[in-house]
Amino acid sequence: MAAPKTIHKGRTAANSLITAIAVAGAIVGVNIIASRFSTLRWDLTQDKIYRLSPASRDTVKNLPDRVTVKAFISNGLPPPINAYGQYIRDLLDEYAAASGGKITWEAIDPTAPGKDAEDTRNKREEYKSKYKIKPITLEVFKENKLEIGGDNFLGIAFVYGEKIESIPQIASTEGLEYRITSLLKKLTEVKRKKIGFASTEAEMTPSQGLQWFPQVVQDYDETQVPLDKPIPDDIDVLFVVGPKQPFTDQAKYHIDQFLMKGKPVAMFVDGMIIDTPRGMQMPGMEQPRIGRSNDTNLVDLLDKYGLKVREDLILDPQNAPGAVPVEGQLYLANYPTFIRVDEGAFSQKLGITSHLNGIIVPFASSVELTGDLKDNKMAGVTTTPIASSSPDSWRQSGFFVFNPQVKLEKSGDKGPFTLGYAVEGKLKSAYPAGPPGTPAGQSTPESEKSVKESPGTRLVVFGSSGLFQGENLQPVIQHVPAYLNNLLFFNQTADWLVKDDSLIALRAKGMGQRPLNVPVDGSAPMWRWLCELGLPLLVILLGVALWLVRSARRRSISLQSL
Amino acid sequence: MRNSLAIARREFGAYFNSPIAYIFIVVFLLISGYMFFTEITTGTPQADMRPLFGLSPLIFCIFGPLVTMGLFSEEKATGTLEMLLALPVTDWQVVVGKFTAAVGLIATTLAITLPYAFFVAGYGHLDWGPVIGGYLGLLLMASGYLAVGLMTSVWTKNQVIAAVVGFLFCFALFLFGKLLQLVPPWLAPTVQALSFDYHFQSIARGVIDVRDLLYYASLIGVCLIVAQTSLESRRWR
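Because the structure is predicted, anything quoted here is derived from the model rather than measured.

1. Details of the overall build of chain B
Line of reasoning, step 1. Scanning chain B for helices and strands turns up eleven helices and one strand.
Line of reasoning, step 2. When its helices and strands are written in sequence order, chain B yields α-α-α-α-α-α-α-α-α-α-β-α.
Line of reasoning, step 3. Rg of the C-alpha trace for chain B: 19 Å, near the compact-globule value of 18 Å for 237 residues, within the 12% margin.
Line of reasoning, step 4. Structurally, chain B occupies a C-alpha span of about 60 × 45 × 30 Å along its principal axes.
Line of reasoning, step 5. Per-residue burial over chain B gives 57% buried out of 237 residues.
Line of reasoning, step 6. Within chain B, contacts between residues separated by at least 24 positions form 75% of all contacts whose residues are at least 6 apart in sequence.

2. Here's the deal with the packing of aromatic side chains
Line of reasoning, step 1. Here the structure, examined in full by the defined rule, presents 38 aromatic pairs over all chains.
Line of reasoning, step 2. Each ring, one from A:Trp212 and one from A:Phe468, has its centre 6.3 Å from the other, and the planes form 55°; the classification is tilted. You can see A:Trp212 sitting in the loop between strand S8 (194–198) and helix H6 (213–216) and its partner A:Phe468 sitting in the loop between strand S24 (457–462) and helix H11 (470–473), a full 256 residues away along the chain. There is no split in this pair, since A:Trp212 and A:Phe468 are both buried.
Line of reasoning, step 3. Ring plane angle 10° and centroid distance 6.2 Å describe the contact between A:Phe239 and A:Phe268, whose orientation is recorded as stacked. Of the two residues, A:Phe239 is situated in strand S10 (residues 237–241) and A:Phe268 in strand S11 (residues 265–268); the sequence distance between them amounts to 29 residues. This pair shows no difference in class: A:Phe239 is buried, exactly as A:Phe268 is.
Line of reasoning, step 4. An aromatic cluster is built from A:Phe197, A:Trp212, A:Phe213, A:Phe239, A:Phe268, A:Phe462, A:Phe468, A:Phe489 and A:Phe490, whose rings are joined through pairwise contacts.
Line of reasoning, step 5. The ring of A:Trp529 has A:Arg528 sitting right over it, with the charged end atom 4.8 Å from the ring centre.
Line of reasoning, step 6. Note that B:Lys98 overlies the ring of B:Phe72, its terminal NZ or CZ placed 5.2 Å from the centroid.

3. Some words on helix H2 (residues 54–61) of chain A
Residue and element names in this part refer to chain A.
Line of reasoning, step 1. Looking at H2, one finds that the buried residues are Ala55, Ser56, Thr59 and Val60. In a view along the axis of H2, the buried residues occupy a sector of 125°, so they form one face of it.
Line of reasoning, step 2. For H2, the secondary structure elements touched by its buried residues are helix H3 (81–98), strand S3 (103–108), helix H5 (176–188) and helix H13 (504–508).

4. Some words on the interface of chain B and chain A
Line of reasoning, step 1. Contacts between the two partners involve 60 residues from chain B, matched on the other side by 59 residues from chain A.
Line of reasoning, step 2. Here chain B and chain A share an interface that buries about 5200 Å² over both sides, 65% of which is from carbon and sulfur atoms.
Line of reasoning, step 3. At the boundary of chain B and chain A, one finds one salt bridge.
Line of reasoning, step 4. Notably, a salt bridge pairs B:Arg211 with A:Asp90, separated by 3.6 Å at the nearest N-O pair.
Line of reasoning, step 5. With eleven residues, the top contributor of residues to the side of chain B that touches chain A is helix H11 (residues 210–232) of chain B.
Line of reasoning, step 6. Residue composition of the side of chain B that touches chain A, grouped by class: 37 nonpolar, 16 polar and seven charged.
Line of reasoning, step 7. Bridge count for strand S1 (residues 41–43) of chain A against strand S1 (residues 207–209) of chain B is three bridges, and the pairing is antiparallel. Counted as the bridge partner of A:Trp42 is B:Ile208 from S1(B).

5. With respect to the domain arrangement of chain A
Line of reasoning, step 1. Partitioning chain A into domains gives domain 1 (54–185), domain 2 (192–441 + 454–508) and domain 3 (529–562).
Line of reasoning, step 2. For domain 2 of chain A and domain 3 of chain A, the distance between their C-alpha centroids amounts to 63 Å.

6. A short note on the sheet that holds strand S12 (residues 272–275) of chain A
Residue and element names in this part refer to chain A.
Line of reasoning, step 1. Taken together, three strands build an open sheet; the order of strands is S12-S13-S22 and the sheet is antiparallel. The open sheet has two edge strands with one neighbour each: S12 and strand S22 (400–402). Pairwise comparison of adjacent strand axes, ignoring direction, gives a mean angle of 30° for this sheet.
Line of reasoning, step 2. Relative to strand S13 (residues 289–293), S12 is paired through four bridges, and the arrangement is antiparallel.

7. Focus: the nonpolar core
Residues and elements named next belong to chain B.
Line of reasoning, step 1. Core analysis: the biggest nonpolar cluster contains 78 residues, and Tyr15, Met49, Phe60, Phe72 and Tyr116 have the highest contact counts within it.
Line of reasoning, step 2. Examining the composition of this core, we find that 13 residues originate from one element, helix H7 (residues 128–155), more than from any other.
Line of reasoning, step 3. Ignoring sequence-local partners within four residues, the contact set of phenylalanine 72 consists of Leu81, Val94, Val95, Lys98, Leu150, Ser153, Val154 and Leu231.

8. With respect to the confidence of the model for chain B
Line of reasoning, step 1. Within chain B, residue pLDDT values average 87, and 96% of them lie at 70 or more.
Line of reasoning, step 2. Put simply, helix H9 (residues 188–194) of chain B is where chain B has its lowest mean pLDDT, 74, and helix H5 (residues 91–112) of chain B is where it has its highest, 94.

9. Describing the sheet that holds strand S18 (residues 358–362) of chain A
Sheet strands pair by backbone hydrogen bonding; their relative direction is either parallel or antiparallel.
All names here are of chain A.
Line of reasoning, step 1. If you walk across this open sheet you meet the three strands as S16-S17-S18, and the pairing is antiparallel. Of all the strands in the sheet, the pair left with one neighbour each is strand S16 (319–326) and S18. Across the sheet, the mean angle from the axis of one strand to that of its neighbour is 45°, orientation sign disregarded.
Line of reasoning, step 2. Strand direction decides the pairing type here: S16 and strand S17 (residues 329–342), joined by seven bridges, are antiparallel. Along S17, the bridge assignment pairs valine 326 with glutamine 329.

10. Brief notes about H7(B)
Line of reasoning, step 1. With 28 residues, H7(B) extends 41 Å between its outermost C-alpha atoms, agreeing within 8% with the 40 Å of an ideal straight helix rising 1.5 Å per residue.
Line of reasoning, step 2. The buried fraction of H7(B) amounts to 22 of the 28 residues, a majority that puts the element mostly inside the structure.

11. Notes on empty space enclosed by the protein
All names here are of chain A.
Line of reasoning, step 1. With the rule as written, the count across this model stands at two cavities of 30 Å³ or more.
Line of reasoning, step 2. Taken as a whole, the largest cavity spans an internal volume of roughly 120 Å³.
Line of reasoning, step 3. In this structure, the largest cavity is lined by Ser182, Lys185, Lys186, Glu189, Arg192, Lys193, Asp219, Tyr220, Asp495, Asp500, Ser502 and Leu503.
Line of reasoning, step 4. In terms of residues, the lining of the largest cavity owes the most to one element, H5, which gives three residues.

12. Comments concerning the pattern of salt bridges
Line of reasoning, step 1. Evaluation of the coordinates by the stated rule reveals 29 salt bridges over all chains.
Line of reasoning, step 2. A salt bridge links A:Asp300 to A:Lys252, with the nearest nitrogen and oxygen atoms 2.8 Å apart. Of this pair, A:Asp300 sits in helix H8 (residues 299–304) while A:Lys252 is found in helix H7 (residues 249–260), placing the two residues 48 residues apart along the sequence.
Line of reasoning, step 3. One salt bridge in this structure joins B:Arg10 and B:Glu11, with 2.7 Å as the shortest N-O distance.
Line of reasoning, step 4. Put simply, A:Arg310, A:Asp312, A:Glu368, A:Arg395 and A:Asp413 are held in one network by salt bridges that share partners.

13. Concerning the state of the cysteines
Line of reasoning, step 1. Going through the model one piece at a time under the given rule, you end up with zero disulfides over all chains.
Line of reasoning, step 2. Of the cysteine sulfurs around B:Cys170, a residue in no disulfide, the closest is that of B:Cys61, at 5.4 Å.

Conventions adopted
Residues numbered from 1 in each chain as written. Chains lettered and ligands numbered in written order. Predicted model: local features only at pLDDT ≥ 70, side-chain atom pairs only at ≥ 80, totals over all residues. Heavy atoms only, no water. Helix = DSSP H or I, 4+ residues; strand = E, 2+ residues; numbered from the N terminus. Rg over C-alpha atoms; globule rule 2.2 N^0.38 Å. Buried < 20%, exposed > 50% of the residue type's maximum accessible area, 1.4 Å probe, protein only. Contact = heavy atoms within 4.5 Å. Phe/Tyr/Trp six-rings, centres within 6.5 Å; stacked < 30°, edge-to-face > 60°. Lys NZ or Arg CZ within 6 Å of the ring centre and 35° of its normal. Arc of directions from axis to C-beta. Buried area = accessible area lost by both parts, 1.4 Å probe. Salt bridge = Lys/Arg side-chain N within 4 Å of Asp/Glu carboxyl O. Nonpolar A, V, L, I, M, F, W, Y, C, P; charged D, E, K, R; others polar. Pairing = 2+ DSSP bridges. Domains from an automatic or database assignment. Axes fitted to C-alpha atoms, helices over the stretch in contact; angles between N-to-C directions. Core = buried A, V, L, I, M, F, W, Y, C linked by side-chain atoms within 4.5 Å. pLDDT = per-residue confidence, 0-100. Expected span 1.5 Å × (residues − 1). 1 Å grid on protein atoms, 1.4 Å probe; cavity = no way out; pocket = protein on both sides within 12 Å on 5 of 7 lines; lining within 4 Å. Points joined across faces, edges and corners; volume = space filled by probe spheres on them. Disulfide = S-S within 2.5 Å.

Take a look at the structure:
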């Protein structure tokens, strides 16, 4: 009798185990197949960060000719960059699908051996010299040791006829779609747009103060423009950033005439500057920093266009950390001079600020409308405030000593203050009589050449250059990523001025910072404590209440049974 | 299905009839609340839920096996499991019912942290996509830990042993994602594919990828099948 029972048990055991192993095997198999072939995913992010954006789709759809893409992805990349390899493959698939056959791509493993050693060496050399692909140095664990390995490749090259553009190394997928689309545009564009940086009156340029420009601004070429002669026609937009000396009449005339040709201009001008005057420098001691008006001699020029940068400094309790010098050292500290402009203080309809979540404006002056523009009498001209300080901000005017260790007293002149304006339309020349020095009522060959009214043009006047100044950004950008938005702001200003907003949404995609500003006063601390301690307390109270109800019920049942 | 739900309801009620659920929820809220609010009120925080999503995997790794340790071990020790299995329910229904109850407890705990998200949304520009993804990822990850804990609970009568063995399994899955730098390159992709962290990070970005869903579903499925098979083994031992 025992034998059949044992056989039955054995069969049951075998059936159970075989079923369990078969099901587990099938599950593993499904996973392996899915990991190789499935691309099904849902992007829940607000900006659809992980889906090809309309700007990229339009760019590849309108490519003039075929582009070949070579993705250099080493086999066996270590984590976490092996995940980037998969992301790149998926992304290139999407580009190819959206291009309608204009983009074809292939994956190449640069570490794969060739026919022989020489073939391998030649191929590698070709990847490096022709396609500019560089190996990525990574820490890898080899033979029980952590080693620095340089035989990993992750880069992309784009081939368009004879032209080749490449992303030599991909260390992060953040902003990769923008880089690819931007390179595709660059590759197929007949003429790239050029930014001219005024460089006569100690302004900031990419070689002085705006060193981040080559890394950050990929869609424009740049050049320096001395204003002692007319601005060349190949300049598409003029940037005047942080002048510290008075402009000559001649320089102002050249800016005016550039505008009158319908070319756009951006002026980031400080109403006040904070520095240590030469006569007050004391060796070996804390240098006093004095706030004083910044004489750029631009008042009359801007006044003709209906704008004024005031000689003030806007201070705001809604501020962000900035680089503050204390006893010769830079510290990261919140101070009212680092104005935090949040999304709500932007015009989202204006391309300059659309898709931006906020910027940090160090040492800002207010900008006002004057004359006909203020009275809305300048026909055909529209103005849009770009950004404002908070209602609690206040104005500091005149000479003062800037000392970050001293708390600043609020003045009676309260905000919000507009920090910049975007002007669009037909502007009248500030020099209707011709070049400076032309006698009134007389006609000279020069005055006849000068343009009196612009066709539709764009002008941006902003009361701070500090938001782009490398000196302000470099020490803090790692600790306060919200400063990265300032660089997006620069790009978007250029885009708006040259009327090319195709990349604005794409550039901001996944790159924009979302600063969280929890005030230390008001209702915020109450909500914090309600969440932090109130919720656990509520759970305890609920538990006690339920226990009491249960105990009462139990008692009543016991009494009934008695 | 109906039987599984009936068991789930009974087990879920049992959690809240004993101090287990309250202790678990209160301790979780105190730790996560303190860490979360400290992080979002110091330095230069961003309007997202990363402080919660960064910490919770470790908390669930520890608490998951503690929540499930008694599901079978206790019933085995007290003999009530035999009574339950004598009812007209299959082993699979019992396993699924108990697992569902534990998942319900975790889902309740996570739901109580939703005010954190509303707090962040009140003072910053919160992208709800990664928040939804993060919560879904946490629920799936926690469910994975619970499935592992439930599996080890079937193996022994001793609750402490069930919790310790469950924790070791869970911690290994947790560590896989953290120690990738130390793994030989040829093994790294496999270890990464097995790690909870890798799949959780992927979902928490706000992208629901079928591959990540399949991973968690598979892991949970395998653990529950092993639990059922272990339970069934009483018939052939």
